[in-house]
Structure formats: structure tokens, C-alpha cells
Amino acid sequence: MSEHGTQTGYGTRYAQSMIPVFGTPQRVLVRGKGVHVWDERGTRYLDLLGGIAVNTLGHGHPSITSALSKQAENLAHVSNFFATPPQIELAETLLRLAQAPEGSGVFFANSGTEANEAAFKIARRHGGPRRPRILALADSFHGRTMGALALTSKVAYRAPFEPLPGGVEFLPANDEDALAAALAPGDVAAVFAEPIQGEAGVRPLQPAYLQALRRLTREHGTLLILDEVQSGIARTGHWFAHQATQGVTPDVMTLAKGLGGGFPIGALIAFGPETRGLLTAGQHGTTFGGNPLAAAVALAVLGTIAEDALLEHVRTVGDAFAQAVTALGDDRITEVRGAGLLRGIGLSEPIAAQLAAVALEAGFIVNAPNPTTLRIAPPLIITAEELASFTAALPGLLDTTTASVTEGA
Ligand SMILES: *Cc1c(COP(=O)(O)O)cnc(C)c1O
């Protein structure tokens with residue numbers, strides 16, 4: 001935290017009390033409202049990361065606080081021996097938004113990695129002994145628990161924890177020939193893919209590749225499992241990113257991040273009765289998953305997105321932002337990737353981490369998923385003007401970054 005957190009003592013207390021898996025936090029944040037957060041010294045930041053695509057409605061949104069407090073007064077938790085109205089209503093809403101066919105079903109979890117663990121189990125149940133292989137894509141990120149980690153390609157994340165659950169192979173993304181060859185033997189249970197690879201630096205799958213994924217998996221009796229943990233819940237201006245591509249309905253979709261707008265919740269949707277039937281009574285479970293607090297908040301999030309026409313808003317301001325960054329014509333910026341309000345700004349030099357630090361000093365929260373990408377995933381309620389304030393600042397932030405990198409070299 002450098003000098004941050006020293007006055008209040010939080011810096012030292014964090015270092016002395018937390019397991020340091022996240023490294024040193026950059027600030028101690030104490031308050032949020034709308035698209036802004038404040039640190040313990042009273043400095044305000046424009047939150048262009050939204051807790052990594054989580055704070056769908058920003059901070060302190062009245063629909064979330066009201067849903068949460070009403071539900072907390074009424075019924076905060078029951079075991080999964082019992083059903084609750086918010087949970088049932090949320091399942092029905094998700095099935096409707098996903099345009100899932102009759103006989104589809106939802107399983108609720110508490111995070112993205114847990115939603116993917118459930119998907120892994122479905123893949124194994126579908127595969128059985130005759131389909132032991134599972135495919136995932138290079139540069140994938142599916143989470144940190146052991147099953148989801150087995151599906152995650154990054155060696156630094158995997159190596160310390162091997163052996164991981166077996167049978168997973170990685171394919172280059174957007175390579176249809178490699179996909180066809182890998183599926184040909186007919187022994188693949190499932191393919192896992194993110195429609196937009198967020199942690200890889202906001203790298204979208206090409207629409208033609210996504211369609212090939214659907215067509216080839218269907219031909220070979222393999223499940224298509226789409227991880228929309230980051231790209232789902234209106235993030236791209238569609239309820240789910242895959243809905244932008246004609247003819248692509250997955251067999252399984254996993255969700256989390258934006259669904260609770262900050263309240264932890266994950267979900268898995270099994271499309272159609274056959275896939276839904278792969279998990280039967282007693283084969284999976286969770287204490288908290290689908291708990292009424294989480295379900296009530298998620299319903300408020302989805303309801304507000306619909307009522308406030310945020311899908312259209314996200315498309316409009318997201319496209320305008322991408323065009324404005326491109327129009328800067330700055331040769332240090334190579335491209336703007338992604339869709340809606342999930343964007344990766346490609347950099348010609350590996351300075352993304354330094355640039356994110358410079359941006360923070362200037363009052364903008366962004367992050368660097370890799371050395372040549374700056375990611376922005378702000379609350380969906382952000383205005384065009386707020387985004388434009390960052391675009392206008394970007395050349396100056398790049399100047400400061402380049403100067404400090406050259407000085408340090
Ligand atoms: C964040 C993320 C996950 C993991 O979610 P957690 O809630 O951190 O467990 C899985 N898949 C994708 C695509 C993600 O972006």
C-alpha cells in the first residue's frame with residue numbers, strides 16, 4: 001500500500017493478519033456511491049473496474065439495498081431442505097433470459113469457480129468411462145478450486161497444486177481445425193470456453209469459431225459448456241455474450257460475478273432435460289447456494305437492468321468508448337477489444353501494470369490482466385461523460401507511464 005494505509009494503520013494490520021495471496025493491496029477503500037469509491041484518506045476514484053465486472057449497478061444502488069434489507073428482515077437463510085420464493089423466481093428468470101428450452105434447470109452456487117465445479121461434474125457424468133477427455137482453451141480462466149483450476153491453462157496457477165483432476169487438454173482458441181481434430185475420436189465429454197476470455201486480456205472468440213464449437217460438439221455428442229462468469233449479466237450489452245452470435249445455445253452456462261451486483265452468488269444453467277438430468281438427487285450440493293438473501297439481490301439486479309434499459313445503454317456507451325479510444329490515434333494503443341462494457345485496451349509496450357498504477361494515482365481504477373492489456377469493466381450505469389473523462393486522460397497517463405518506465409530502465 002506504499003504510504004497508503006499508514007496513517008490509519010490498516011496497511012500494517014492487513015500485512016500482519018491476511019494470507020498474502022493477493023499481494024499488497026493498492027488502497028484501503030472505505031465508501032462507495034454510484035460509479036465512485038473513496039479511500040481512507042478521502043480521495044475519490046472513478047471505478048472503471050467494478051470489482052472485476054461484479055458491481056453491475058455500481059455502489060450503494062437503492063434497488064440492491066432495499067432488496068437486501070427487506071429479505072434480511074424476513075428470511076436470510078434456510079437450508080436446501082427447503083425452497084424459498086426468491087430462489088424459485090430467480091431460477092425462472094434466468095431460464096427465461098437465457099432462452100432455455102422446456103425442461104432446463106438451474107443450480108445455484110456462491111462463486112464462479114463453484115459454478116464451474118458443478119459444470120465439471122456434469123461433464124464427468126456425461127462422459128462416463130467412454131468419454132474421459134475434456135477440452136478447454138489456451139489462456140482460459142475458470143477459477144481457483146481444484147476442478148476449475150484443472151480447466152485453467154496458466155501454469156503458474158496450476159503447478160503448485162498438481163496433481164489436478166485429469167483428462168483436461170488445452171486447444172488454441174479460434175482454431176477450428178484443431179477443434180475438429182480433437183473432437184474426432186468421439187471420446188470428449190465436454191468443451192469449456194469463455195465467449196470473451198477476460199483474464200486472458202479480454203479476447204473474444206470469433207463468432208465463426210463459436211458457431212463451429214456449437215456445431216462440432218453437437219455432431220460428436222460432446223457438451224458445450226460456456227463460462228459466462230465474467231461476460232454474462234448484460235456486461236456486453238446482451239444478457240449473455242453468446243447471444244450476440246446466431247445459432248449458439250450452449251448445453252451448460254455458468255454465471256457469477258455480475259449476477260449479485262456485489263452479493264456473492266453463482267449459477268449454472270443446464271439446457272434441456274437431458275443435460276439437467278445428469279445431476280440427480282444427492283450428487284451435488286451446497287449450504288449457501290441459492291440462499292434467499294443472494295437470490296433476492298440477484299432478482300433486484302436483473303429487474304433493474306431490464307427496467308432501466310441497461311442492455312441498450314451498455315451497447316451505446318461501450319461502442320462510443322471503444323471508438324473514442326481508437327480515435328485518439330495514439331500509436332501506443334494497438335486496438336480495443338471486447339464488447340459493451342468489457343473492454344481490453346491493447347498496448348504496444350508491456351507497460352499495463354505501470355499504466356494502471358499511474359491511472360490510480362490520477363483517480364481511475366482499472367487493471368492489467370496481462371502486461372499489454374488494460375481492462376475496463378465498469379458498473380453498467382456509467383455515463384458516456386464519465387467514460388469520456390478517462391479517454392481524455394489516457395494520452396497523459398501514457399506519457400507519465402512511459403516517462404517513468406524509461407527513467408527506471
Ligand atoms: C472470475 C472468473 C471465474 C471465477 O470466479 P470466482 O467467483 O472468482 O470463483 C471463472 N470464470 C471466469 C470466466 C471468470 O472471469
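Here the structure is a predicted model, which is why all the values come from computation and not from measurement.

Strand order across the open sheet formed by seven strands is 4-12-11-10-7-5-6, with mixed pairing between neighbours. Every other strand in the sheet has two partners, leaving strand 4 (105-109) and strand 6 (168-171) as the edge strands with one partner each. Recorded for the sheet is a direction-independent mean angle of 20 degrees between the axes of neighbouring strands. Sheet topology places strand 4 next to strand 12 (residues 266-270); five bridges connect them, and they run antiparallel. For alanine 109, the partnering residue across the bridge sits in strand 12 and is glycine 266. Here helix 4 (residues 85-97) sits on the sheet in contact with strand 4, strand 11 (252-255) and strand 12, set at roughly 120 degrees to strand 4. The sheet contacts of helix 9 (residues 207-219) involve strand 5 (133-137), strand 7 (188-193) and strand 10 (223-227), and relative to strand 10 the element is tilted by about 145 degrees.

Before going further, it helps to examine helix 12 (residues 310-327). Between the first and last C-alpha of helix 12 there are 25 Å, a value that for 18 residues agrees with the 26 Å anticipated at 1.5 Å per step. Among the residues of helix 12, Leu310, Leu311, Val314, Val317, Gly318, Phe321, Ala322 and Val325 are the ones counted as buried. What you see down the axis of helix 12 is that its buried residues fit within an arc of 145 degrees, all on one side. Away from the buried face of helix 12 by more than 90 degrees, exposed residues Glu312, Thr316, Gln323 and Ala327 are located. A positive phi of about 60 degrees marks glycine 329, the residue just after helix 12.

Before going further, it helps to examine the UniProt feature "modified residue: N6-(pyridoxal phosphate)lysine" (unreviewed entry) in the protein chain. Following the UniProt record, the feature "modified residue: N6-(pyridoxal phosphate)lysine" (unreviewed entry) maps to Lys257 here. Residue class for lysine 257 comes out partly exposed when judged on its relative accessible area of 23%. Beyond its immediate chain neighbours, meaning those up to four positions away, lysine 257 contacts Ile52, Ala53, Val54, Val229 and Gln230.

Among the six residues of strand 7, six are classified as buried, and the element is accordingly described as predominantly covered. As paired strands, strand 5 and strand 7 are joined by three bridges and run parallel to one another. Bridge assignment links isoleucine 134 to a residue of strand 7, and that residue is alanine 190.

The next thing to look at is the packing of aromatic side chains. Tallied over the entire structure, the rule returns three aromatic pairs. Where phenylalanine 141 meets tyrosine 157, the ring centres are 6.0 Å apart and the plane angle is 80 degrees; that geometry is what we call edge-to-face. One end of the pair, phenylalanine 141, is in the loop between strand 5 and helix 6 (146-150); the other, tyrosine 157, is in helix 7 (residues 155-158), and 16 residues separate them in sequence. Take tyrosine 157: its relative accessible area is 23%, and that puts it in the partly exposed class. Among the aromatic residues, those joined into a cluster by ring pairs are Phe321, Phe364 and Phe390.

With that out of the way, let us pick up unusual backbone geometry. A cis amide bond links glutamate 162 with the next residue in sequence, proline 163, at an omega value of 5 degrees. One non-glycine residue, aspartate 139, lies in the positive phi region at around 65 degrees. Its place among the elements puts aspartate 139 in the loop between strand 5 and helix 6. Of the residues examined, aspartate 139 reaches a relative accessible area of 48% and is grouped as partly exposed.

For strand 5, the tally of buried residues reaches five of five residues, placing the bulk of the element in the interior. Side chains Arg133, Leu135 and Leu137 project from strand 5 onto one buried face, and the interleaved Ile134 and Ala136 project onto a second face that is buried too. Two strands pair when backbone bridges link them, and strand 5 and strand 6 are joined in this way by four bridges, in the parallel orientation. Following the sheet pairing, leucine 135 is matched in strand 6 by glutamate 169.

How each quantity is defined
- Residues numbered from 1 in each chain as written.
- Predicted model: local features only at pLDDT ≥ 70, side-chain atom pairs only at ≥ 80, totals over all residues.
- Heavy atoms only, no water.
- Pairing = 2+ DSSP bridges.
- Helix = DSSP H or I, 4+ residues; strand = E, 2+ residues; numbered from the N terminus.
- Axes fitted to C-alpha atoms, helices over the stretch in contact; angles between N-to-C directions.
- Contact = heavy atoms within 4.5 Å.
- Expected span 1.5 Å × (residues − 1).
- Buried < 20%, exposed > 50% of the residue type's maximum accessible area, 1.4 Å probe, protein only.
- Arc of directions from axis to C-beta.
- UniProt positions renumbered as here; feature names shortened; annotations may be inferred.
- Phe/Tyr/Trp six-rings, centres within 6.5 Å; stacked < 30°, edge-to-face > 60°.

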